[in-house]
Protein chains: 2
Amino acid sequence: MAPPEPARRSCCPIACTLDLLGDRWTVLVIRDLFAGKRRYSEFVRSPESIATNILADRLAWLVDRGLVERAVPEGKRRAEYRLTDEGRSLEPVLGAVARWGLKHIEGTEARLAPASEPTAAPRS
Amino acid sequence: MAPPEPARRSCCPIACTLDLLGDRWTVLVIRDLFAGKRRYSEFVRSPESIATNILADRLAWLVDRGLVERAVPEGKRRAEYRLTDEGRSLEPVLGAVARWGLKHIEGTEARLAPASEPTAAPRS
DNA sequence: CCAAATCAGTTGCATATTGCAAGCAAAAAG
DNA sequence: CTTTTTGCTTGCAATATGCAACTGATTTGG
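Given the structure is predicted, the values throughout are model-derived calculations rather than measurements. (Residues numbered from 1 in each chain as written. Chains lettered and ligands numbered in written order. Predicted model: local features only at pLDDT ≥ 70, side-chain atom pairs only at ≥ 80, totals over all residues. Heavy atoms only, no water.)

**Considering the overall build of chain A**
The number of helices and strands found in chain A is six helices and two strands. Scanning chain A from its N terminus toward the C terminus, one meets helices and strands in the order α-α-α-α-β-β-α-α. Residues counted as buried form 43% of the 124 residues belonging to chain A. In chain A, the proportion of contacts linking residues at least 24 apart, taken out of those at least 6 apart, comes to 47%. Surface summary for chain A: the accessible area is close to 7400 Å², and the carbon and sulfur share equals 52%. (Helix = DSSP H or I, 4+ residues; strand = E, 2+ residues; numbered from the N terminus. Buried < 20%, exposed > 50% of the residue type's maximum accessible area, 1.4 Å probe, protein only. Contact = heavy atoms within 4.5 Å. Areas by Shrake-Rupley, 256 points an atom, 1.4 Å probe, with all protein chains shown as cover.)

**Some thoughts on the interface of chain A and chain B**
Taken together, the 43 residues of chain A in the interface contact 43 residues of chain B. Here chain A packs against chain B, burying approximately 3700 Å² in sum over the two surfaces, 68% of which is carbon and sulfur. On inspection of chain A and its partner chain B, the count reaches two salt bridges. The partner of B:Asp19 in a salt bridge is A:Arg24, and the shortest N-O contact between them spans 3.4 Å. Linking chain A with chain B are 16 residue pairs in polar contact (both at pLDDT 80 or more). Those elements giving two or more residues to the side of chain A that touches chain B turn out to be helix H1 (13-21), helix H2 (26-34) and helix H6 (91-104) of chain A. Sorting elements by how many residues they give to the side of chain A that touches chain B places H6(A) first, with ten residues. Residues belonging to the side of chain A that touches chain B are distributed by class as follows: 24 nonpolar, eight polar and eleven charged. (Buried area = accessible area lost by both parts, 1.4 Å probe. Salt bridge = Lys/Arg side-chain N within 4 Å of Asp/Glu carboxyl O. Polar contact = N/O pair within 3.5 Å; in protein donor to acceptor, adjacent residues only side chain to side chain. Nonpolar A, V, L, I, M, F, W, Y, C, P; charged D, E, K, R; others polar.)

**With respect to the protein's contact with DNA strand C**
Among the 19 residues in the neighbourhood of DNA strand C, the closest are listed as A:Arg39, A:Thr52, A:Tyr81, B:Trp25 and B:Asn53. Near the protein, within 4 Å, the atoms of DNA strand C are sugar or phosphate in 70% of cases. Within the side chain of B:Trp25, a nitrogen or oxygen atom sits 2.4 Å from a phosphate oxygen of DNA strand C. Of all the elements in the fold, those that place two or more residues in the surface near DNA strand C are helix H3 (40-44) and helix H4 (52-64) of chain A together with helix H4 (52-65) of chain B. A total of four residues in the surface near DNA strand C trace back to one element, the largest contributor, which is H4(B). (Near = heavy atom within 4 Å.)

**Considerations on the packing of aromatic side chains**
On inspection of all chains with the given rule, the structure shows two aromatic pairs over all chains. Centroid distance A:Phe43 to A:Tyr81: 6.4 Å. Interplanar angle 65°. Geometry classified as edge-to-face. On the criterion of sequence distance, the pair formed by A:Phe43 in helix H3 and A:Tyr81 in strand E2 (residues 80-83) is long-range, its members being 38 residues apart. Summarising the burial analysis for this pair, A:Phe43 and A:Tyr81 share the class buried. Across the ring face of A:Trp61, the terminal group of A:Arg65 is positioned such that the distance to the ring centre comes to 3.7 Å. Here the guanidinium or amino end of B:Arg9 rests over the ring plane of A:Trp25, the centre of that ring lying 4.6 Å away. (Phe/Tyr/Trp six-rings, centres within 6.5 Å; stacked < 30°, edge-to-face > 60°. Lys NZ or Arg CZ within 6 Å of the ring centre and 35° of its normal.)

**Focus: the relation of the copies chain A and chain B**
Once chain A has been moved 0.0 Å along the axis and rotated by 180°, it coincides with chain B to within an RMSD of 0.0 Å. In short, the pair behaves as if placed about a two-fold rotation axis. The position closest to the rotation axis in chain A is occupied by the C-alpha of A:Asp23, lying 2.6 Å away. The residues that chain A uses at the interface reappear at the interface of chain B in 100% of cases, marking a shared surface. (Least-squares fit on C-alpha atoms with pLDDT ≥ 70 in both.)

**Some words on the protein's contact with DNA strand D**
Taken together, 18 residues form the shell around DNA strand D, and within it A:Trp25, A:Asn53, A:Arg58, B:Arg39 and B:Tyr81 come nearest. Near-protein atoms of DNA strand D (within 4 Å) split between backbone and bases, with sugar and phosphate holding 70%. At the level of secondary structure, the elements contributing two or more residues to the surface near DNA strand D comprise H4 of chain A together with helix H3 (40-44) and H4 of chain B. Its residues placed into classes, the surface near DNA strand D shows five nonpolar, four polar and nine charged.

In structure tokens form, the structure reads like this:
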């Protein structure tokens, strides 16, 4: 899981960033982390329905790259995933993408509850 | 070529944007267009060495989506590709990605000559 | 304590996407 | 006219993705 380091295609910062997280799923996992999700089952339940093997692979990749940390909180047994500072530094990137999508793709709507607002439950 | 419209995974603006250009090559083609490249052979010569079938596919896809236009300039026979206004609106996204890469990935360096500066040739 | 449900994955296999090399006709260069 | 370059297409091998089933821990409920 998570290959050794696939050799970058060039020294272009855009190309290198894409090598890191330019596939169909990695950024969505990061989005969920920004939204406050912490546990495996929470990611699985996102509306895009990521396959569990892919999720496991991407989480391992991100932990490996230092963008995400996996930790078992004291008193509990199950691990949780969180963005590291490095991971959180991607906020402007996700922000720019989200803003572009909202403005230029019909039928999109924002849903990022920034992990601090308790959002008194209008479900579904 | 360029499939009918693969049905979006969700209404999330990030997911939808990724469906549009979230693969290993599309954004690099757009980067090249921002850098002032216009012809097929110019894209092929970029340091990442995109395969010609992929390039043809991505260009067709982008033209289809209205982000790029293909036009034969008067007096010439060969077509050129250019960003549409819609395509140019991606500038903040590319900018955010480039800035993140520059700051967080070792060994990356900017190379975007913004198509207006003649850059009196310090080669290589 | 015991049974059932949930969680956090892993495994195997079918399908889709990429990457590579070669080939080819039209256009431009000489 | 001949050669080179350009702008692709085609075929096939390698890789990545998607799906369903399965598993062994951990909770949950009684």
